[in-house]
Amino acid sequence: VRPLEVIVKPGELMYIPAGWWHLCLNLTPTVCITQNYVSRAGLPRVLSFLRDSPQCISGVCQEDRPSFYERFRSKLQEQLPAVLAEAEQKEKSDTESQTPWAKAMEDSTQDGFTFDW
């Protein structure tokens, strides 16, 4: 796979789809607006990823990675308990019939939610 390299000019916007590994290098002082978004369909995989692969979490200090799953789950339990229960039930009942790529590309536009700390 060949990486894609672009320079975003003033007034332009870069959209990075969910699950895409990326690196941004600011060449000049820059304002970045980002939103952490998880769809309901993708939440079981996000929970699994945070729990099972903390070493791969980006954007979080290395010393905070081991506890990130519990912090995330705790906030969901506090703010959206029904969504968390649904996701954990789906995670338990998910079959391995889909490839990881197919699971990652599930429709992320339906019944999503946002969160913050």
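See above for the structure.
Residues numbered from 1 in each chain as written. Predicted model: local features only at pLDDT ≥ 70, side-chain atom pairs only at ≥ 80, totals over all residues. Heavy atoms only, no water.

A.B. asks: Would you mind going over the overall build of the chain with me for this structure?
C.D. replies: When helices and strands are counted, the chain shows four helices and two strands. In sequence order, the secondary structure elements of the chain are arranged as β-α-α-α-α-β. The burial tally for the chain puts 20% of its 117 residues in the buried class. Taking as baseline every contact in the chain between residues at least 6 positions apart, the subset at least 24 positions apart corresponds to 67%. Counting every atom, the chain has about 9,700 Å² of accessible surface; 55% of that belongs to carbon and sulfur. (Helix = DSSP H or I, 4+ residues; strand = E, 2+ residues; numbered from the N terminus. Buried < 20%, exposed > 50% of the residue type's maximum accessible area, 1.4 Å probe, protein only. Contact = heavy atoms within 4.5 Å. Areas by Shrake-Rupley, 256 points an atom, 1.4 Å probe, with all protein chains shown as cover.)

A.B. asks: Which parts of the structure should I look at to understand the side chain of Ser48?
C.D. replies: Tracing the chain through its elements places Ser48 in helix H1 (residues 43-52). Classification of Ser48 as buried rests on a relative accessible area of 18%. Looking at Ser48, its side chain comes within polar contact range of the side chain of Glu91, at 2.4 Å. Not counting residues within four places of it along the chain, the set of residues in contact with Ser48 comprises Ser53 and Glu91. (Polar contact = N/O pair within 3.5 Å; in protein donor to acceptor, adjacent residues only side chain to side chain.)

A.B. asks: Even after reading the chapter, I still don't get helix H3 (residues 81-93), so can you show me in this structure?
C.D. replies: Look at H3: 18 Å from first C-alpha to last across 13 residues, which is about the 18 Å you get at 1.5 Å a residue. Residues Val83, Leu84, Ala87 and Glu91 constitute the buried set of H3. For H3, the buried positions fall inside an angular range of 95° around the axis, keeping them on one side. Residues Ala82 and Lys92 are exposed on H3 and point more than 90 degrees away from its buried face. (Expected span 1.5 Å × (residues − 1). Arc of directions from axis to C-beta.)

A.B. asks: What exactly am I supposed to notice about the packing of helix H2 (residues 65-79) against H3 here?
C.D. replies: The description of two helices packed together rests on the angle between their axes and the distance between the axes. Where H2 contacts H3, the two axes come as close as 5 Å, and the packing angle between them is 125°. It follows that H2 is oblique to H3 by the angle criterion. The segment H2 lies against H3, with Tyr69, Arg73, Leu76, Gln77, Glu78 and Gln79 engaging Pro81, Leu84 and Glu88. Within the contact of H2 with H3, the residues separate by chemical class into four nonpolar, two polar and three charged. (Axes fitted to C-alpha atoms, helices over the stretch in contact; angles between N-to-C directions. Parallel < 35°, antiparallel > 145°, perpendicular 65-115°, else oblique. Nonpolar A, V, L, I, M, F, W, Y, C, P; charged D, E, K, R; others polar.)

A.B. asks: So what exactly am I meant to see when it comes to a nonpolar patch on the surface here?
C.D. replies: Side chains of Leu4, Val6, Val8 and Met14 sit close together on the surface and give an oily, nonpolar patch of about 400 Å² of accessible area. In this fold, Met14 is placed in the segment before strand E1 (37-38). (Patch = residues over 30% accessible without salt bridge, like charges linked within 9 Å, V, L, I, M, F, W, Y side chains within 5 Å. Salt bridge = Lys/Arg side-chain N within 4 Å of Asp/Glu carboxyl O.)

A.B. asks: Mind showing me how you'd approach the packing of H1 against H3 here?
C.D. replies: As a packed pair, H1 and H3 sit with axes 8 Å apart at the nearest point and diverge in direction by 80°. It follows from the interaxial angle that H1 and H3 lie roughly perpendicular. On the side of H1, the interface is formed by Leu43, Pro44, Leu47, Ser48 and Arg51, while H3 contributes Val83, Leu84, Ala87, Glu88, Lys90 and Glu91.

A.B. asks: Help me understand the pattern of salt bridges, please; the structure alone is not making it clear to me.
C.D. replies: Side-chain pairing between opposite charges can occur once the charged atoms of the two side chains come close. Under the definition given, this model contains five salt bridges. With its nearest N and O atoms 2.8 Å apart, the salt bridge here joins Arg51 to Asp52. Its relative accessible area of 37% is what places Arg51 among the partly exposed residues. Measuring nitrogen to oxygen at the nearest pair gives 2.6 Å for the salt bridge that ties Arg73 to Glu88. In this pair, Arg73 is assigned in helix H2 and Glu88 in helix H3, connecting sequence segments 15 residues apart. Using a relative accessible area of 23% as the deciding quantity, one classes Arg73 as partly exposed. Members of the salt-bridge network, linked through shared partners, are Arg51, Asp52 and Glu91.

Purely geometric numbers; function is a separate question.
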